[in-house]
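As a plain string of letters, each chain reads:
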Amino acid sequence: MTQSAGLRFRQALAKAKPLQIVGTTNAYFALMAEQTGFQALYLSGAGVANASYGLPDLGMTSMNDVLIDAGRITSATQVPLLVDIDTGWGGAFNIARTIKEFEKIGVAAVHMEDQVSQKRCGHRPNKAVVSIEEMVDRIKAAVDARTDPNFVIMARTDAVAVEGLEAGIERAKAYIAAGADMIFAEALTELDQYHHFKAQVKAPILANMTEFGQTQLFNKEELAEAGADMVLYPLGTFRAANQAALNVMQALMNDGHQRNVLDTMQTRKDLYQYLGYHAFEDKLDQLFSQDK
Ligand SMILES: C[C@](O)(C(=O)O)[C@H](CC(=O)O)C(=O)O
Ligand SMILES: [Mg+2]
């Protein structure tokens, strides 16, 4: 029997200090990440909204929207996938459905946050959080719904930006007591704040190194030293690909050809390499050539 996705995530976490989790907005990015050596992947809620729907990250995408993208990734690779499920998309029964659906398609871990359902990006102003009690209920519903005990339920707290560090830590403790496995400490502003989380919350801590946000881009050694067990790079690959695509569009518009930007493109050879294209071709030959 193969190990469950949740167990693979936990094993990757046990081996790495810290575990680097890279955002893969599509299945092809997941293949590149796997072959670059990443032991854990991430599907960003903002990424699904922006890339798949052309929408802002303001709670406008549904469970099914995210499931579709997550399933594409879990079909393409065995590398464990952490998925952003925003606020879980509703009340206790909705959250239970969410957990069951994501577990069923082979997702390893999800993170669910304590923002109100009209959520915002964690690094934007004017966030609002639900009460501790409401978030504890969300977590209990999620934990009760999983069938694989290794499926990871990570609680994200957005409260530090709203209520301060101590309130965020109090919440994290309550979320772990309610059964969450790990804590996503969102939008911290000082390296030292990870220390405080780690010292008081007896669970693995995730640091979000999203670019152009509230948190400085600390390196993995600094973060490990400060007590972070996982480091997330949710959208760096997406932002880079967007800029590269825009450069090509502008060159086509301005120059009327792509010759000046060819060296910014992945070659056909490299594209095929990450796809394992030739192995598929060989398989075709093996299956059908003798009939010709
Ligand atoms: C991690 C995050 O939830 C995401 O959806 O990728 C975002 C990232 C971002 O907007 O930079 C968040 O931190 O809220
Ligand atoms: Mg998000």
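Because the structure is a prediction, the values reported are computed rather than measured.

## A word on the pattern of salt bridges
Think of it this way: side chains of opposite charge can pair up when their charged atoms draw near.
For step 1, the next point in the chain: Taken as a whole and judged by the stated rule, the model has 17 salt bridges.
For step 2, the next point in the chain: A salt bridge links aspartate 57 to lysine 119; its shortest N-O distance comes to 3.8 Å. In this pair, aspartate 57 sits in the loop between helix 3 (45–53) and helix 4 (63–76) while lysine 119 sits in the loop between strand 4 (109–113) and helix 6 (132–145), placing the two residues 62 residues apart along the sequence. The exposure classification of aspartate 57 matches that of lysine 119, with both residues buried.
For step 3, the next point in the chain: Across the pair lysine 127 and aspartate 158 runs a salt bridge whose closest N-O atoms are separated by 2.9 Å. Remark: aspartate 158 occurs in the loop between strand 5 (152–157) and helix 7 (159–163) and lysine 127 occurs in the loop between strand 4 and helix 6; sequence separation between them is 31 residues.
For step 4, the next point in the chain: Overall, lysine 127 belongs to the buried group, its relative accessible area being 10%.

## Topic: the environment of aspartate 270
For step 1, the next point in the chain: Relative to the assigned elements, aspartate 270 resides in helix 12 (residues 268–275).
For step 2, the next point in the chain: Aspartate 270 sits 51 residues away from asparagine 219 along the chain, and the two C-alpha atoms are 28 Å apart.

## Let's talk about the UniProt feature "binding site: substrate" (unreviewed entry) in the protein chain
For step 1, the next point in the chain: Here, UniProt's "binding site: substrate" (unreviewed entry) annotation points to Ser44, Gly45, Ala46, Cys121, Gly122, Arg156, Glu186, Asn208, Met209, Thr210, Arg239 and Arg268. These annotated residues cover 225 residues of sequence, and their C-alpha atoms reach 39.8 Å apart at the extreme, placing them across more than a single site.
For step 2, the next point in the chain: Mapped onto the fold, methionine 209 is located in the loop between strand 7 (205–208) and helix 10 (220–225).
For step 3, the next point in the chain: Taking relative accessible area as the criterion, methionine 209 reaches 2% and is therefore assigned buried.
For step 4, the next point in the chain: For methionine 209, the residues in contact, after removing those within four places along its chain, are Tyr194, Thr215, Gln216, Leu217, Phe218, Leu223, Val231, Leu232, Tyr233 and Pro234.
For step 5, the next point in the chain: Along the polypeptide, arginine 268 turns up in helix 12.

Rules behind the numbers
Residues numbered from 1 in each chain as written. Chains lettered and ligands numbered in written order. Predicted model: local features only at pLDDT ≥ 70, side-chain atom pairs only at ≥ 80, totals over all residues. Heavy atoms only, no water. Salt bridge = Lys/Arg side-chain N within 4 Å of Asp/Glu carboxyl O. Helix = DSSP H or I, 4+ residues; strand = E, 2+ residues; numbered from the N terminus. Buried < 20%, exposed > 50% of the residue type's maximum accessible area, 1.4 Å probe, protein only. UniProt positions renumbered as here; feature names shortened; annotations may be inferred. Contact = heavy atoms within 4.5 Å.

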